[in-house]
Amino acid sequence: MNSITERISSKDEIVMDKVGMTYQADGGKSVAALSEVSFSIHKGEFISLLGPSGCGKTTLLRIIADLIKPTTGKVFVAGDTPESARKSRKYGIVFQNSVLYDWRSVRANIQLPLEVMRVPKPEWKERIDSMLELVGLSDFGSHYPHQLSGGMQQRVSIARALAINPEILLMDEPFSALDEFTREKLHEDLLRIWRRTNKTIVFVTHNIAESAYLSDRVCVLSPHPGRLSAVVDVDLPRPRTAELRQKPEFHALVAKIRNSFEGV
Ligand SMILES: Nc1ncnc2c1ncn2[C@@H]1O[C@H](COP(=O)(O)OP(=O)(O)OP(=O)(O)O)[C@@H](O)[C@H]1O
């Protein structure tokens, strides 16, 4: 056993140890996207990865998801390598754009991971019904994606990501294409879903207020190269309600997170 595996505690869901990523761009130029990023995410925690464009947020999420391999460092996901976690579907993932299949109904979209993971067919109906109920779309199962608003499409994406009951939900700027009213409603829905399901959530955003409202802790990334410049504890009470956004303690926390950026 090496030192990092000895340090992992039973509370840890995701552990990163000195993770670095250098891309080989066109023309042989290398781009240092991440350097020496180390931190742990606990089981059941809501973590945001926050930073300006180009600081490596998506790169870090893709490394956790085993969509790319880091060039240096080690990563553990659900007590295993990212590759095993991906193969055993320990996480579900939601992207900025909903990436639903237009020719499949809402139900058939949610069913897709059940087909891929060979979940027994008799279980499908109950699972899909409960996912639709969880995201507040029970009356829309037979609709097609183009018949839904952007916010509803992202709810379907969340339902699909959670259909096989993964431990972890990875979200890459899932609400950034939505208008402010819809986004705030989705924040409340996501917190309710998180409370009901106890998932570990890793949420990528460049929106400081969004990270403060949702998270237990905010990991602040700074660019050139992307590095972890601060981890801010969010000590605001839960459950969080819309009124919190008006309160002085919320504005103080947003200012604290803003002040923790280096070199931006
Ligand atoms: N496939 C790639 N090849 C070369 N460089 C890349 C590649 N993917 C990302 N990069 C570079 O790595 C750095 C980090 O990119 P990344 O997309 O992770 O940042 P980000 O913080 O998620 O940005 P944004 O908020 O704009 O999505 C950037 O400089 C980007 O140009």
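Quick notes on the rules
- Residues numbered from 1 in each chain as written.
- Predicted model: local features only at pLDDT ≥ 70, side-chain atom pairs only at ≥ 80, totals over all residues.
- Buried ≥ 20, exposed ≤ 12 C-beta atoms within 10 Å, placed from the backbone.
- Helix = DSSP H or I, 4+ residues; strand = E, 2+ residues; numbered from the N terminus.
- Contact = placed C-beta atoms within 7 Å.
- Pairing = 2+ DSSP bridges.
- Axes fitted to C-alpha atoms, helices over the stretch in contact; angles between N-to-C directions.
- Core = buried A, V, L, I, M, F, W, Y, C linked by C-beta atoms within 7 Å.
- Parallel < 35°, antiparallel > 145°, perpendicular 65-115°, else oblique.
- Left-handed = near helix turned anticlockwise from the far one by under 90°.
- Nonpolar A, V, L, I, M, F, W, Y, C, P; charged D, E, K, R; others polar.
- UniProt positions renumbered as here; feature names shortened; annotations may be inferred.

### Examining helix H4 (residues 106-116)
- Buried within H4 we find Val106, Arg107, Asn109, Ile110 and Gln111.
- Considering only its buried residues, H4 is in contact with helix H5 (124-134) and helix H6 (150-162).
- Downstream of H4 by a residue or two, Arg118 has a phi angle that is positive, lying close to 55°.

### Here we look at the sheet that holds strand S7 (residues 200-205)
- Pairing within the open sheet is mixed, and its 6 strands lie in the order S5-S6-S7-S3-S8-S9. Whereas interior strands pair on both sides, the edge strands pair on one side only; in this sheet they are strand S5 (91-94) and strand S9 (227-233). Strand-to-strand, the axes of this sheet are offset by a mean angle of 15°, without reference to chain direction.
- Sheet topology places strand S6 (residues 168-172) next to S7; 5 bridges connect them, and they run parallel. Bridge assignment links Ile168 to a residue of S7, and that residue is Thr200.
- Set on the sheet, H6 makes contact with S5 and S6; between it and S5 the angle comes to about 165°.

### Describing the nonpolar core
- The biggest cluster of nonpolar side chains holds 64 residues, and the ones touching the most others in it are Ile64, Ala159, Leu170 and Val202.
- When near neighbours in sequence (up to four residues on either side) are disregarded, Leu170 contacts Leu61, Ile64, Ala65, Tyr91, Ile93 and Val202.

### A short note on the packing of H6 against helix H7 (residues 180-197)
- Between H6 and H7, the least distance of the axes is 10 Å, while the angle of their chain directions is 20°. On the basis of their axis angle, the class for H6 and H7 is roughly parallel. By crossing handedness, the relation of H6 to H7 is classed as right-handed. Two secondary-structure elements touch here, H6 through Gly150, Gly151, Gln154, Arg155, Ile158 and Leu162 and H7 through Thr182, Lys185, Leu186, Asp189, Ile193 and Thr197.
- A per-class count over the contact of H6 with H7 returns 4 nonpolar, 5 polar and 3 charged.

### With respect to the UniProt feature "domain: ABC transporter" (unreviewed entry) in the protein
- When the UniProt feature table is mapped onto this chain numbering, "domain: ABC transporter" (unreviewed entry) sits at residues 14-248.
- Helix makes up 32% of residues 14-248 and strand 27%, and the two end C-alpha atoms of the span are 33 Å apart.

### Observations regarding the sheet that holds strand S1 (residues 12-24)
- Taken together, the 3 strands give an open sheet; going across it, the order is S2-S1-S4, and neighbouring strands pair in antiparallel fashion. Strands with a single pairing partner mark the edges of an open sheet, and in this sheet they are strand S2 (30-42) and strand S4 (72-77). In this sheet, neighbouring strand axes are inclined to one another by 20° on average, regardless of whether the strands run parallel or antiparallel.
- Two strands pair when backbone bridges link them, and S1 and S2 are joined in this way by 9 bridges, in the antiparallel orientation. Within S2, the residue paired with Val15 across the bridge is Ser40.

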